[in-house]
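The lines below spell out each chain.
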Amino acid sequence: MDLARQAQDGDESAFAEIVRRYSPRVFSVASRFFRQRSLVEEAAQEVFLKAYTQLGSFEGRGSLEGWLTRIATNTCLNMVRSSKRRPELTVSDLTDDEEGWLNQQSAGDGREQASVENSLVAADLADRLLAVLPPEDQQALLMIDGEDASIKEVAEATGWSESKVKVRAFRARKKLREAMEKLLDHRGKPVEQVSK
Amino acid sequence: MKEKHITEILDNAAIASLSEVELNEIRVHTKDCVSCRDAFEAAQLAAVILKSRAQVTIEPTPFFQTRVMAALREQQAVESVPAMWRLWKSAKVLVSSMAVTTAALAALSFVLPATSTPVDQPVSAYSAESVIIGQGSDELTYEQVLSTIYADDDEAGK
């Protein structure tokens, strides 16, 4: 709060300290939306420039980190909204790595081999499947299912009501599951593979 | 009906947060229901890819702070120009009227007296009498007065 007050009074070094201290958090939020470093940096810079001009509206009721997280989320959502949504992913669109990863997972031997490379392939696949969802739904699902955030935490980070978060997450989860089912079906997977 | 119920459980919450009772219900149901079995597998894979995606985080570079502060100064410089423009817009009526008033005063002070002075007024327009009794003496120069007086003398001598 002291830093925020100093920055509100026009102390540039205080604002520089805010940027240094909270940029990992802002980058983490922006990374949910973008994979390219240049886009993440662009978004993060935009967040801090907005924060500087809106410092007067920060009353110190919540944490500065929470306030910045909300600005970051809304800024990234606006950036994503302006970009085109991709069409639904089909099996023919899958890369060899992605198809190999799916086969490995379906055969039940993938969970033990969670290499960095495999994780990146899985992350790429997630990006491609999530691209068909509205950015708000992606955000809700990534936070809840990916980062184990609670409904309340998502509501605080986005400014949405808790019921809105629940609806978005439900809708996104359903759509993602159905898209995954389609991929698995079209791949002609064996039906024997069942959960334990 | 049963099938719908299972998919609702899958879509209602993250798989990692399902209770043991819910998981057991899914296990029992998927033994006989192929479509729900597929749905459960898809949901599990979806959960795995979401976890992997969430782990991908880009860290800020050491130069990021410098970059932001430079962008901030640049933004402030750009914003200062419109501020000057706004100031000019609000004050331009006052400044313009002051300039017009100053110009009018200057014209009255320097231009009008010069044009009203009869620099090359004909000497014959004045008579010696009018000069002697002081009529229009304010408008005549010393040379004009002298030339008027001597012109009358010359005529009298003839």
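Note that the structure is a prediction, hence the values are computed from the model and not measured.

## Overview of the overall build of chain B
And step 1. When helices and strands are counted, chain B shows 6 helices and 0 strands.
And step 2. Counting over 158 residues, chain B shows a buried share of 27%.
And step 3. Across chain B, contacts joining residues at least 24 apart in sequence account for 42% of those joining residues at least 6 apart.
And step 4. Taken as a whole, chain B presents about 10600 Å² of accessible surface, with 63% of it coming from carbon and sulfur.

## Description of unusual backbone geometry
The phi angle of most residues is negative, glycine excepted, and most peptide bonds adopt the trans form.
And step 1. Even without glycine at this site, Asp148(A) takes up a positive phi of about 60°.
And step 2. Its location among the elements puts Asp148(A) in the loop between helix H7 (135–146) and helix H8 (151–158).

## Describing the packing of helix H4 (residues 64–81) of chain A against H8(A)
Residue and element names in this part refer to chain A.
And step 1. Where H4 meets H8, the axes come as close as 7 Å, and the angle between the chain directions of the two elements is 75°. Accordingly, the angle class assigned to the pair H4 and H8 is roughly perpendicular. In this structure, H4 uses Thr-69, Arg-70, Thr-73 and Asn-74 to contact H8, whose residues at the interface are Ala-155, Glu-156, Ala-157 and Thr-158.

## Observations concerning the packing of aromatic side chains
And step 1. Applying the stated criterion across every chain yields a total of 5 aromatic pairs over all chains.
And step 2. Grouped by ring-pair contacts, the aromatic residues Phe27(A), Phe48(A) and Phe64(B) constitute a single cluster.
And step 3. Positioned over the ring face of Trp160(A) is Arg168(A), at 4.8 Å from the centre of the ring.

Cut-offs and rules
- Residues numbered from 1 in each chain as written.
- Chains lettered and ligands numbered in written order.
- Predicted model: local features only at pLDDT ≥ 70, side-chain atom pairs only at ≥ 80, totals over all residues.
- Heavy atoms only, no water.
- Helix = DSSP H or I, 4+ residues; strand = E, 2+ residues; numbered from the N terminus.
- Buried < 20%, exposed > 50% of the residue type's maximum accessible area, 1.4 Å probe, protein only.
- Contact = heavy atoms within 4.5 Å.
- Areas by Shrake-Rupley, 256 points an atom, 1.4 Å probe, with all protein chains shown as cover.
- Axes fitted to C-alpha atoms, helices over the stretch in contact; angles between N-to-C directions.
- Parallel < 35°, antiparallel > 145°, perpendicular 65-115°, else oblique.
- Phe/Tyr/Trp six-rings, centres within 6.5 Å; stacked < 30°, edge-to-face > 60°.
- Lys NZ or Arg CZ within 6 Å of the ring centre and 35° of its normal.

The values are spatial; any link to function lies outside them.
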